[in-house]
Amino acid sequence: MPTNKNAFIRYQYLDRLLSDHHHYYDIHDLTNHVNDMLYEDGFPEVTQRCIEKDLNSLEYAPFSAPIKRFNWKGKRCIAYGNPSFSIFKKEMSSEERNLLREVLNTIGQFDGLDNFKWLEDFKIGLGLEERRQIICFSNNPYLQNSNLLGKLFDNISNEVVVSLSYHTFTDTTMRTIDFHPYLLKQYNDRWFLLGAADSDMKILNFALDRIDNVEPLPEKKYIKCTQDLYERFEDIVGVTLYENCPVEHILCWVSEASKGYIETKPIHGSYTPIRGDADLLLRSEYPQLQGGLFFTLDCIPNFELIRELCAFGKELIVIKSNGHIQDKIYKRICEMSDYYSMLRTYSSLTDSTFAPEM
């Protein structure tokens, strides 16, 4: 009985591996992966001969699995001829169908993307009727390279290394790296890809509109991310993290007219309004700042944070910090002032050119 139970468990593992059309496995790979899963689940490891017998068993009744064997870069690979085949396939219940319909409608923001055409085909194949959209996500229909979302989603979910061709904002020269993709993140109506460079496994991020091409590399071993990527964003606004920059404690003031925006939609999760005696002390120290609200942020400064703070104009003032963010904002304001002064001077000299004819 234990042998039959263990064989059934191995069949489950093999079923998962044989239906994975994003990776190519030979008999040695299958044996190693099955043994890894057996070890993790507390079962004894088996020999390659045992796996060969398991594959033979799957090919005959009652499973009749469509197993094919093919050559790939010198390897004799083994997989299901039909990737959608599974020896454990079953019909969905009505509750599962209803839940799936809601999920598909919720992620309808991806409708129209080339690599997500399967989403519509999937709904049609399941016979799920159309329903009106109830939740509308922010979506930029003019985003460059949005068609890459589907391809990258597919590679991340199936743990496939990719060859990534890209260029930077300041240099159009195309570069190519082997890349382990981990996460797609949206910020400010743009999409960013996070992952690790194959050369040193350093975490990098790329805006999708800077990516020129993505090609899967199924023969390369995918290395999973060992750090919490969501924790990576805890100390920043947006997606840009400067690894060696410390968190700055930033004191700000926002006007009466704009404090409601800050209170209901804080710039960062560290937002802390100042009340009571601490507020009174600041008002005596900065009497020129009438009304409004004093608050603090604890962030690593980056381009996105400076842009957010500057977006409020004179309605939000960075009073001080234990770093240099106030200097950076002051420099940006001075540069803006210089540009406007130059434009106003130029306009005053050329006004007659644009004066309407009488």
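About the criteria used
- Residues numbered from 1 in each chain as written.
- Predicted model: local features only at pLDDT ≥ 70, side-chain atom pairs only at ≥ 80, totals over all residues.
- Heavy atoms only, no water.
- 1 Å grid on protein atoms, 1.4 Å probe; cavity = no way out; pocket = protein on both sides within 12 Å on 5 of 7 lines; lining within 4 Å.
- Points joined across faces, edges and corners; volume = space filled by probe spheres on them.
- Helix = DSSP H or I, 4+ residues; strand = E, 2+ residues; numbered from the N terminus.
- Nonpolar A, V, L, I, M, F, W, Y, C, P; charged D, E, K, R; others polar.
- Patch = residues over 30% accessible without salt bridge, like charges linked within 9 Å, V, L, I, M, F, W, Y side chains within 5 Å.
- Areas by Shrake-Rupley, 256 points an atom, 1.4 Å probe, with all protein chains shown as cover.
- Salt bridge = Lys/Arg side-chain N within 4 Å of Asp/Glu carboxyl O.
- Lys, Arg positive; Asp, Glu negative; His and termini not counted.
- Charge placed at Lys NZ, Arg CZ, Asp CG, Glu CD.
- Buried < 20%, exposed > 50% of the residue type's maximum accessible area, 1.4 Å probe, protein only.
- Pairing = 2+ DSSP bridges.
- Axes fitted to C-alpha atoms, helices over the stretch in contact; angles between N-to-C directions.
- Parallel < 35°, antiparallel > 145°, perpendicular 65-115°, else oblique.
- Contact = heavy atoms within 4.5 Å.
- Phe/Tyr/Trp six-rings, centres within 6.5 Å; stacked < 30°, edge-to-face > 60°.
- Lys NZ or Arg CZ within 6 Å of the ring centre and 35° of its normal.
- Core = buried A, V, L, I, M, F, W, Y, C linked by side-chain atoms within 4.5 Å.

Novice: Quick question: what am I supposed to make of the layout of surface pockets here?
Specialist: Left-over empty space is what a probe sized like a water molecule reveals as it rolls over the atoms. For the largest pocket, the calculated volume is near 770 Å³. Forming the boundary of the largest pocket are 22 residues, of which His-23, Tyr-25, His-33, Glu-159 and Lys-221 lie nearest the centre. Going through the elements one at a time, α1 (2-18) and α2 (27-40) are the ones with two or more residues in the lining of the largest pocket. When residues in the lining of the largest pocket are grouped by element, the largest group, six residues, is from α2. Its residues assigned to classes, the lining of the largest pocket shows seven nonpolar, four polar and 11 charged.

Novice: Teacher, can you tell me more about a negative patch on the surface here?
Specialist: Residues Asp-36, Glu-40, Asp-41 and Glu-45 make up a contiguous surface patch of negative charge. According to the relative accessible area criterion, Glu-40 is exposed, its value standing at 64%.

Novice: Teacher, can you tell me more about the side chain of Arg-10 here?
Specialist: Relative to the assigned elements, Arg-10 resides in helix α1. A relative accessible area of 9% places Arg-10 in the buried class.

Novice: Can you help me understand the sheet that holds strand β8 (residues 211-216) in this one?
Specialist: Hydrogen bonds along the backbone pair up the strands of a sheet, which may run parallel or antiparallel. An order of β7-β6-β5-β4-β8 is seen for the five strands of this open sheet, with the pairing classed as antiparallel. Two strands in the sheet have a free side with no partner beyond their single neighbour: β7 (203-207) and β8. This sheet shows a mean twist of 45 degrees between the axes of neighbouring strands, independent of strand direction. Bridge analysis of strand β4 (residues 162-166) against strand β5 (residues 175-187) gives five bridges, and the strand direction is antiparallel. Across the sheet, Ser-165 pairs through a bridge with Thr-176, a residue of β5.

Novice: Quick question: what am I supposed to make of the pairing of strand β2 (residues 67-72) here?
Specialist: Along any regular strand the residues' side chains alternate between the sheet's two faces. Pairing of β2 with strand β3 (residues 75-80), which is carried by six bridges, proceeds in the antiparallel orientation. If you follow Ile-67 over to β3, its bridge partner there is Tyr-80.

Novice: Even after reading the chapter, I still don't get the packing of α2 against helix α3 (residues 48-59), so can you show me in this structure?
Specialist: Two measures define how a pair of helices packs: the angle their axes make with one another and the distance between the axes. Relative to each other, α2 and α3 sit at 100 degrees, their axes nearing to 9 Å. One way to sum up the angle between α2 and α3 is to call them roughly perpendicular. Here Ile-27, His-28, Leu-30, Thr-31 and Val-34 of α2 lie close against α3, whose contacting residues are Gln-48, Ile-51, Glu-52 and Leu-55. Class assignment for the residues of the contact of α2 with α3 results in five nonpolar, three polar and one charged.

Novice: I'm lost on the packing of aromatic side chains in this one. Help?
Specialist: What describes a pair of aromatic rings is the distance from one ring centre to the other and the angle between the planes of the rings. In total, this model carries nine aromatic pairs according to the counting rule given. Here the aromatic rings of Tyr-80 and Phe-85 are separated by 5.0 Å at their centres, their planes lie at 85 degrees, and the arrangement is edge-to-face. On the accessibility criterion, Tyr-80 (2% relative accessible area) is buried. In textbook terms, an aromatic cluster arises when at least three aromatic residues are bridged by ring pairs, as seen for Tyr-24, Phe-70 and Trp-72. Taking NZ or CZ as reference, Lys-68 lies 4.9 Å from the ring centre of Phe-70, over its face.

Novice: Even after reading the chapter, I still don't get unusual backbone geometry, so can you show me in this structure?
Specialist: Comment: phi is negative for the bulk of residues other than glycine, and the bulk of peptide bonds are trans. Note the cis peptide between Ala-61 and Pro-62, where omega equals 10 degrees. Following the sequence through the fold, Pro-62 ends up in the loop between α3 and β2. A positive phi angle, close to 50 degrees, is found at Ser-64, a residue other than glycine. Summarising the element assignment, Ser-64 is placed in the loop between α3 and β2. With a relative accessible area of 46%, Ser-64 lands in the partly exposed category. Positioned with a positive phi, Asp-189 is a non-glycine residue whose angle comes to about 60 degrees.

Novice: I keep staring at the nonpolar core and nothing clicks. Help me out?
Specialist: Most often, soluble globular proteins keep nonpolar side chains buried together rather than apart. Within the largest apolar cluster, 35 residues are counted, with the highest numbers of intra-cluster contacts made by Leu-297, Leu-305 and Leu-309. For this core, the secondary structure elements donating two or more residues are β5, β6 (190-197), β7, β9 (248-254), β11 (293-299), α10 (303-310), β12 (316-321) and α11 (325-354). When residues in this core are grouped by element, the largest group, four residues, is from β11. Not counting the four nearest positions on each side in its chain, Leu-297 is found in contact with Glu-248, His-249, Ile-250, Ile-267, His-268, Ser-270, Tyr-271, Leu-305 and Leu-309. Ranked by size, the runner-up nonpolar core spans 24 residues in total, among them Tyr-11, Leu-14, Leu-38 and Ala-65.

In short, shape yes, function no, at least from these values alone.
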